[in-house]
Amino acid sequence: MFAKSVMIPKEKCISIQTSESVQTALDILEKNQIDALPVLENGLYKGILNRYIVYRAFYYSGLNKEDFLASTTLMDVVTREEIYLYIDDVFEDSLLQLNDFPIIAVVEENRFLGLVTRFDIMDQFRSAFGMDRPGVRITFTSVETEGRIARVGDIIQKFHESVISLVTFDESDKLLRRIVLKIEKRDNIQKFLKELDRSGFRVLHMEED
């Protein structure tokens, strides 16, 4: 999956031009109840602005509120000018970038194309784990050897299970792979679990929702 697959296109983004005032930016943030917004100049990405950045600059300026707002431009307080995603970057690249900030811009030749938000990331994780569909979630482990995931596929096919999600986690320090499988609820779940056990998988947890 690529950044372009999950981004909010620029036409649907709330942004601000560099020519606008800091007060206008604060008003936009407050009116729309958003955490941050991209700063643009004739369609080019110039950075991100949020309340914290503005309040921090005000605190260290030593000015009163009126003088600060009158003398400070958006480019004085903008941040993350060089932090962004390219449109064909893989989705995973956004994970670390959004670790400590609510949005990240998507650009192409410095042209602003849209945003990926922390909410988008969480939504994709919900989808990856099948959290919005009822079913049975099974967590099990396997030794890290070739063909183990294929064997899981064989068991799924044997029991004609309908897979909602399948996620694996590498536990290389223990030479184990943890697998989280979510399938639709059926009456043969105990037989399915026994087949996993017979095939060398260790079931850790099962939860139905």
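Residues numbered from 1 in each chain as written. Predicted model: local features only at pLDDT ≥ 70, side-chain atom pairs only at ≥ 80, totals over all residues. Heavy atoms only, no water.

1. Quick notes on the overall build of the protein
Turning to step 1, where the next piece is worked out: What the protein contains, in helices and strands, is 9 helices and 11 strands.
Turning to step 2, where the next piece is worked out: Viewed in the frame of its principal axes, the protein has a C-alpha envelope of about 75 × 35 × 35 Å.
Turning to step 3, where the next piece is worked out: Among the 209 residues that make up the protein, the fraction classed as buried is 39%.
Turning to step 4, where the next piece is worked out: Counting every atom, the protein has about 12,600 Å² of accessible surface; 50% of that belongs to carbon and sulfur.
Turning to step 5, where the next piece is worked out: With 27 positive and 35 negative side-chain charges, the protein shows a separation of 8 Å between the mean positions of the two kinds. (Helix = DSSP H or I, 4+ residues; strand = E, 2+ residues; numbered from the N terminus. Buried < 20%, exposed > 50% of the residue type's maximum accessible area, 1.4 Å probe, protein only. Areas by Shrake-Rupley, 256 points an atom, 1.4 Å probe, with all protein chains shown as cover. Lys, Arg positive; Asp, Glu negative; His and termini not counted. Charge placed at Lys NZ, Arg CZ, Asp CG, Glu CD.)

2. A closer look at the confidence of the model for the protein
Turning to step 1, where the next piece is worked out: The share of residues in the protein with pLDDT of 70 or more is 93%, and the mean pLDDT across the chain is 89.
Turning to step 2, where the next piece is worked out: Element-level mean pLDDT values for the protein span from 63 in helix α6 (residues 93–97) up to 97 in strand β2 (residues 16–17). (pLDDT = per-residue confidence, 0-100.)

3. Structural notes on the pattern of salt bridges
Turning to step 1, where the next piece is worked out: Under the counting rule described, the total for this entry stands at 11 salt bridges.
Turning to step 2, where the next piece is worked out: Between Glu108 and Arg111 there is a salt bridge, with its nearest N and O atoms 3.2 Å apart.
Turning to step 3, where the next piece is worked out: Residue Glu108 is classed as partly exposed on the basis of its relative accessible area of 33%.
Turning to step 4, where the next piece is worked out: Residue Asp209 is joined to Lys182 by a salt bridge in which the shortest nitrogen-to-oxygen separation is 3.1 Å. Here Lys182 lies in strand β10 (residues 176–183) and Asp209 lies in the segment after β11 (202–208), a separation of 27 residues in the sequence. (Salt bridge = Lys/Arg side-chain N within 4 Å of Asp/Glu carboxyl O.)

4. What about the pairing of strand β7 (residues 111–117)?
Turning to step 1, where the next piece is worked out: Burial analysis of β7 places 6 of its 7 residues in the buried class, which makes it a mostly covered element.
Turning to step 2, where the next piece is worked out: Both strand β1 (residues 8–9) and β7 contribute to a ladder of 2 bridges, which runs antiparallel. Across the sheet, the residue bridging to Ile8 is Leu115, located in β7.
Turning to step 3, where the next piece is worked out: Taken together, the 6 bridges between strand β6 (residues 103–108) and β7 define a ladder with antiparallel strand orientation. Each residue of the ladder has a partner; that of Glu108, found in β7, is Arg111.
Turning to step 4, where the next piece is worked out: In textbook terms, the turn of a hairpin is the stretch between consecutive antiparallel strands, and for β6 and β7 this stretch comprises 2 residues, one of which, Glu109, has a positive phi near 55°. (Pairing = 2+ DSSP bridges.)

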